[in-house]
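Each chain, written out:
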Amino acid sequence: MPTRKLKIVVTRKLPAAVELRMKELFDARLNEDDHPFTQEELAEAMQTADVLVPTVTDHIDGRLLARAGEQLRLIAQFGAGVDNIDVQSAIQRGITVTNTPGVLTDDTADVAMSLILAVPRRLNEGAQIMDAGGFDGWTPTWMLGRRLAGKRLGIIGMGRIGQAVARRAKSFGLQIHYHNRKPVGARVEEQLEATYWDSLDQMLARMDIVSINCPHTPATFHLMNARRIELMKPEAFIVNTARGEVIDEAALARAIKAGKLAGAGLDVFEREPAVNEELIGLPNVLLLPHMGSATIEGRTEMGEKVIINIKTFADGHRPPDRVIPAIL
């Protein structure tokens, strides 16, 4: 007798090669038109599927998990972050949660470094001027930005991505500083010539550029609040490619408009897909549509990790990327 294929529901459209492999291996229901699932659609999927494959756009809380069918035993997240899932509630209901860590480190660090370059050098402003036909010729004092070499970069969150940002920034001559729950290993610190700050407040007051690279947890919600933004130098810049909830966007907008902060580069937002209207149109703010991980290679590797997690689970083994609440 042939073994029954696991029934999986995929909530968003994935790269074609990934979807094809899922169709071959599983009884896969795909999202052909890539619409965001409603809460009712998620509930229906969880009542029928053996495995749910959600993304960061799907909010799966305890109330939704309570509606899951007994057959749902795995939530295989397509993404590294799992702050959209109540992992503790899932585990209490006997549902394993997996994610796809490590795949997008370099892709996200590339975009973070792009913002670190673009905002102080006013590249977005320059491109807009060219698009509008406003370039009248070179002059010595026009479009002056800030040199990167010798500036201090403060990294909040020195995990895989934070370290990848540090490696890139060091090659541009930036001095590396960081705040983390604990210092990184001595060898990494030596390689990066990085300075550890136990006090985030003290670090912020001395940095020229701050890069957010920490996850969103209850402890990091509005970590960069009005008080901490006020600590930064008026000529400093802030870049966020991690999670929008880490920054109080309203406070950020107020600081930039008041000239208390030189500018910002944001790839993530507090209430995605909505963006605080006060940030839109500011010449010294560069906004990107959450594209830090948007490479063909990265998204394909994410899909491959999802498939490995499902296959391993189906074979009765512990998935390699099982999420454990204690380490979140």
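Residues numbered from 1 in each chain as written. Predicted model: local features only at pLDDT ≥ 70, side-chain atom pairs only at ≥ 80, totals over all residues. Heavy atoms only, no water.

- Looking up the protein chain in an unreviewed UniProt entry gives the name Glyoxylate reductase, with the organism given as Hyphomonas adhaerens MHS-3.
- Regarding the protein chain, the UniProt comment filed under Sequence similarities (unreviewed entry) reads as follows: "Belongs to the D-isomer specific 2-hydroxyacid dehydrogenase family." (UniProt positions renumbered as here; feature names shortened; annotations may be inferred.)

**Here we look at the UniProt feature "domain: D-isomer specific 2-hydroxyacid dehydrogenase NAD-binding" (unreviewed entry) in the protein chain**
Here is step 1: Here, UniProt's "domain: D-isomer specific 2-hydroxyacid dehydrogenase NAD-binding" (unreviewed entry) annotation points to residues 113-292.
Here is step 2: With 30% helix and 15% strand, residues 113-292 has its two end C-alpha atoms placed 10 Å apart. (Helix = DSSP H or I, 4+ residues; strand = E, 2+ residues; numbered from the N terminus.)

**Things to note about the pattern of salt bridges**
Here is step 1: The full count for this structure, using the stated rule, is 20 salt bridges.
Here is step 2: For Lys257, the salt bridge goes to Glu278, with nearest N and O atoms at 2.3 Å. Placement of Lys257 in helix 11 (residues 249-257) and of Glu278 in the loop between strand 11 (263-266) and strand 12 (285-287) is noted, with a sequence separation of 21 residues between them.
Here is step 3: Where salt bridges share partners, they join Lys13, Glu19 and Glu32 into one cluster. (Salt bridge = Lys/Arg side-chain N within 4 Å of Asp/Glu carboxyl O.)

**Thoughts on the sheet that holds strand 3 (residues 51-53)**
Here is step 1: One open sheet accounts for five strands, arranged 2-1-3-4-5; its pairing is parallel. The outermost strands of the open sheet, each flanked by one partner alone, are strand 2 (27-29) and strand 5 (96-98). In this sheet, neighbouring strand axes are inclined to one another by 20 degrees on average, regardless of whether the strands run parallel or antiparallel.
Here is step 2: As paired strands, strand 1 (residues 7-10) and strand 3 are joined by three bridges and run parallel to one another. Bridge pairing in strand 3 places Val9 opposite Leu52. (Pairing = 2+ DSSP bridges. Axes fitted to C-alpha atoms, helices over the stretch in contact; angles between N-to-C directions.)

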